[in-house]
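For reference, the chains in residue letters:
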Amino acid sequence: MIKTGSETSRTPYGYAATTPVYFDDLDPMGILHNARYAVLVERAITTWWQERGVSYAGGRPTTPDAFSVVRDFSITYLSPVRGTGEITVHFWIERIGDTSVDYRFRLISPGGESVFAEGRRLSVRLDPATMKPATWTDRGRELAAALIKP
């Protein structure tokens, strides 16, 4: 469950989505498991696009721009998320190319006072028939423009 809407007012660029951290997201030390950070980022980005009609329905992409893959994902852990509660995923687009989009992200406390992790996610749009890189549609670029960092 990712909350959306009012979260955008807390960031000067990009988008921020607040989501719960559940008990089963934690490792044996009671800290958010390292692999869960990536899941939270993926869910936030996917939800943002889905709310704008770019998703999957019945196993098929709703638009050509939904057919994309992650080429590179890197994360730097800065401080542990301890226990359950809420966390905010702030993400934006650093650059959009012909076939790729370079996201940057931060996992932060809901008030923005603590940064737990930051990183990069590079996605490439593919042609479903050839599985080769394909150009983003004009509509996809138009939607992505709302996320581009000034």
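Residues numbered from 1 in each chain as written. Predicted model: local features only at pLDDT ≥ 70, side-chain atom pairs only at ≥ 80, totals over all residues. Heavy atoms only, no water.

Enquirer: What am I meant to see in the nonpolar core here?
Expert: What tends to happen in soluble globular proteins is that the nonpolar side chains get buried as a cluster. Core analysis: the largest hydrophobic core is formed by 29 residues, its most contacted members being Trp49, Ile87, Phe91, Tyr103 and Leu107. Only β1 (15-21), α1 (34-50), β5 (85-96), β6 (100-108), β7 (115-125) and α2 (138-144) provide two or more residues apiece to this core. Of all the elements, α1 adds the most residues to this core, at seven residues. What Leu107 contacts, discounting residues up to four positions off in sequence, is Tyr37, Leu40, Val41, Ile75, Ile87, Thr88, Val89, Ser114, Val115, Phe116 and Ala117. (Core = buried A, V, L, I, M, F, W, Y, C linked by side-chain atoms within 4.5 Å. Buried < 20%, exposed > 50% of the residue type's maximum accessible area, 1.4 Å probe, protein only. Helix = DSSP H or I, 4+ residues; strand = E, 2+ residues; numbered from the N terminus. Contact = heavy atoms within 4.5 Å.)

Enquirer: Mind showing me how you'd approach unusual backbone geometry here?
Expert: Of all residues except glycine, most have a negative phi; of all peptide bonds, most are trans. Phi at Met131 is positive, roughly 60°, even though this residue is not glycine. Mapped onto the secondary structure, Met131 falls in the loop between β7 and α2.

Enquirer: Help me understand the sheet that holds β6 in this model?
Expert: Consider a sheet: its strands pair through backbone hydrogen bonds, and that pairing is either parallel or antiparallel. In spatial order, the strands read β1-β5-β6-β7-β4; together these five strands make up an open sheet with antiparallel pairing. This sheet does not close on itself; its edge strands, each paired only once, are β1 and β4 (68-77). The sheet shows a mean angle of 25° between the axes of neighbouring strands, direction not considered. In this structure, β1 lies alongside β5, joined through seven bridges in antiparallel fashion. Residue Tyr15 lies in a different strand from β5, and its bridge partner there is Phe91. (Pairing = 2+ DSSP bridges. Axes fitted to C-alpha atoms, helices over the stretch in contact; angles between N-to-C directions.)

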